[in-house]
Amino acid sequence: MSRGLFLTVEGVEGAGKTTQVGRIARRLRALGRDVLVVREPGGTPLAEQARKLVLDPALELEPAAELFLMLVARADLMHHVIRPALEAGTAVIADRFDLSTHAYQIGGRGLSESDVVAANRLATGGLAPDLVVVLDVPPEVGRARHAAAGKPKDRMELADEGFHRRVAEAFRAATGPGILHLPADQPPEDVHVKLWTELSRRFPAIFPQDAG
Ligand code: Z5A
């Protein structure tokens, strides 16, 4: 059996990642495909504990401590969940993955890129997504969506304006053959249609354009 597709969806808070991941997964399942959705940080008992710590507004964390909590979660999720699923031929869709580390811990916190890349490689064992989708929305649009949803702010969301500007800039600047930027400042259904079209262009056997 061939390895499953590994897709990650990234972007600033409120970009619509969870919404789009859910739609893609539902449509794939309706087509009879095996799909696993994960969110980072989280997805295993250890990773959920790390998530609680790293998002807790009552804690003050050094950038390196924040990085290691993200990576302990990733290493555990990768070993126990993502890798076995991909090896079984399941498509894995991750709501955030290592481009978030790049944007938040390197771009936002200013940690050394080479150190973070090396530490991330240890956490992932070198397994990289087949495609990284970045949902592009201005950070103020994402924040307004968040505020409208009435969710309490976590430790990362409470960071200062400059931090969030640097994070947004790092997402905007991310380029490469495995990275797809998608304008996401439109209604969820329109974003979904554009995203599915782009996915079917790249992986037609998995995302048929005429179905669903
Ligand atoms: N983090 C990190 O620092 N380093 C790392 O390596 C990793 C993560 C992996 C996890 O938060 C935090 O961890 C995150 C980065 C950091 N911190 N920040 N800031 P998270 O991923 O659990 O949460 P989030 O991404 O910040 O927020 P979110 O609310 O889950 O955002 P979203 O998934 O992009 O959006 P959504 O849940 O789909 O939608 C939010 C609301 O907008 C909701 O009411 C929707 O109905 C609405 N929505 C969605 N799409 C649309 C459109 N198209 N139009 C209008 N309204 C919409």
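Right, let's walk through the structure included here. Predicted, not measured: the structure shown is a model, and the values here were computed from it. (Residues numbered from 1 in each chain as written. Predicted model: local features only at pLDDT ≥ 70, side-chain atom pairs only at ≥ 80, totals over all residues. Heavy atoms only, no water.)

Here the focus is the overall build of the chain. Counting its regular elements, the chain contains eight helices and five strands. Secondary structure of the chain in N-to-C order comes out as β-α-β-α-α-β-α-α-β-α-α-β-α. Here the chain has a C-alpha radius of gyration of 17 Å; the compact-globule value for 212 residues is 17 Å, and the two agree. Across the 212 residues in the chain, those meeting the buried criterion constitute 48%. Sequence-distant contacts in the chain: of pairs separated by 6 or more residues, those separated by 24 or more amount to 79%. Surface accessibility of the chain: about 10300 Å² in total, with carbon and sulfur atoms responsible for 57%. The centroid of the 26 positive side-chain charges in the chain is displaced by 3 Å from the centroid of its 28 negative side-chain charges. (Helix = DSSP H or I, 4+ residues; strand = E, 2+ residues; numbered from the N terminus. Rg over C-alpha atoms; globule rule 2.2 N^0.38 Å. Buried < 20%, exposed > 50% of the residue type's maximum accessible area, 1.4 Å probe, protein only. Contact = heavy atoms within 4.5 Å. Areas by Shrake-Rupley, 256 points an atom, 1.4 Å probe, with all protein chains shown as cover. Lys, Arg positive; Asp, Glu negative; His and termini not counted. Charge placed at Lys NZ, Arg CZ, Asp CG, Glu CD.)

The gaps of empty space that remain are located by a probe, the size of a water molecule, rolled over the atoms. Going through the model one piece at a time under the given rule, you end up with one cavity of 30 Å³ or more. Volume-wise, the largest cavity comes out at about 60 Å³. Taken together, Val12, Glu13, Tyr104, Pro139, Arg143, His164 and Val167 make up the full set of residues lining the largest cavity. Put simply, the parts of the chain that give the lining of the largest cavity at least two residues each are α6 (139-149) and α7 (161-173). (1 Å grid on protein atoms, 1.4 Å probe; cavity = no way out; pocket = protein on both sides within 12 Å on 5 of 7 lines; lining within 4 Å. Points joined across faces, edges and corners; volume = space filled by probe spheres on them.)

Before going further, it helps to examine the layout of surface pockets. The space that makes up the largest pocket amounts to roughly 860 Å³. In terms of lining, the largest pocket is formed by 38 residues, of which the most central are Glu13, Lys17, Thr18, Arg96 and His146. Broken down by secondary-structure element, the contributors of at least two residues to the lining of the largest pocket are α1 (17-30), α2 (45-55), α3 (63-87), α4 (98-108), α6 and α8 (188-202). Taken together, the residues that form the lining of the largest pocket break down as 14 nonpolar, 12 polar and 12 charged. Roughly 460 Å³ of internal volume is contained in the second largest pocket. Lining the second largest pocket are 19 residues; nearest its centre among them are Asp98, Leu99, His102, Val117 and Asn120. Looking at the lining of the second largest pocket, the elements with two or more residues in it are α4 and α5 (113-124). A breakdown of the residues in the lining of the second largest pocket according to their chemical character gives 10 nonpolar, seven polar and two charged. (Nonpolar A, V, L, I, M, F, W, Y, C, P; charged D, E, K, R; others polar.)

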